[in-house]
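Structural characterization, general
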Amino acid sequence: QVQLVESGGGLVQAGGSLRLSCAASGNIFSINTMGWYRQAPGKQRELVAAITSGGSTNYADSVKGRFTISRDNAKNTVYLQMNSLKPEDTAVYYCNANIRPNVWTANDYWGQGTQVTVSS
């Protein structure tokens, strides 16, 4: 069994900052790509940022220069530092990880989601 537990969401004024964390636990041999997605009301879930096990990163154009994704492989944890937040960043943020429980298989796992609300 694998669990992803997120923390760090909340309410912030426009221009403010928040830091999200997501810790993976359970039957883990290794973790490949980890990422953050978000889903606003009435919209599809979209990729915000992703980071490979080697540290390569990828960002949505809408967050480039404002958000930074990082990971601590020793702690099986991924972070999302969000600066200069805008009301349009308001959404439920989900952690995603591609995890190997053994050398032969890999599965995608999702966190429960954490609400980020940015007031204008």
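This report concerns the structure included in the present document. (Residues numbered from 1 in each chain as written. Predicted model: local features only at pLDDT ≥ 70, side-chain atom pairs only at ≥ 80, totals over all residues. Heavy atoms only, no water.)

On to the pattern of salt bridges, then. In the structure shown here, the tally under the stated rule is four salt bridges. Residue Asp89 is joined to Arg66 by a salt bridge in which the shortest nitrogen-to-oxygen separation is 2.8 Å. Highlighted residues: Asp89 in the loop between strand 8 (77–82) and strand 9 (91–100) and Arg66 in the loop between strand 6 (57–59) and strand 7 (67–72), separated in sequence by 23 residues. The same class applies to Asp89 as to Arg66, namely buried. One network of salt bridges, with partners in common, ties together Arg38, Glu46, Arg66 and Asp89. (Salt bridge = Lys/Arg side-chain N within 4 Å of Asp/Glu carboxyl O. Helix = DSSP H or I, 4+ residues; strand = E, 2+ residues; numbered from the N terminus. Buried < 20%, exposed > 50% of the residue type's maximum accessible area, 1.4 Å probe, protein only.)

What follows is about the sheet that holds strand 8. Spatially, the four strands line up as an open sheet ordered 1-3-8-7, and their pairing is antiparallel. Each edge of the open sheet is held by one strand with a lone partner, namely strand 1 (2–7) and strand 7. Going from strand to strand, the sheet's axes swing by 15 degrees on average, the running direction of each strand aside. Pairing geometry for strand 7 and strand 8, over six bridges, is antiparallel. Each bridged residue has a counterpart across the sheet, and for Asp72 the counterpart in strand 8 is Thr77. (Pairing = 2+ DSSP bridges. Axes fitted to C-alpha atoms, helices over the stretch in contact; angles between N-to-C directions.)

Okay, a nonpolar patch on the surface next. Residues Phe29, Val103 and Trp104 make up a contiguous nonpolar surface patch of roughly 410 Å² in combined accessible area. Along the polypeptide, Val103 turns up in the loop between strand 9 and strand 10 (107–110). (Patch = residues over 30% accessible without salt bridge, like charges linked within 9 Å, V, L, I, M, F, W, Y side chains within 5 Å. Areas by Shrake-Rupley, 256 points an atom, 1.4 Å probe, with all protein chains shown as cover.)

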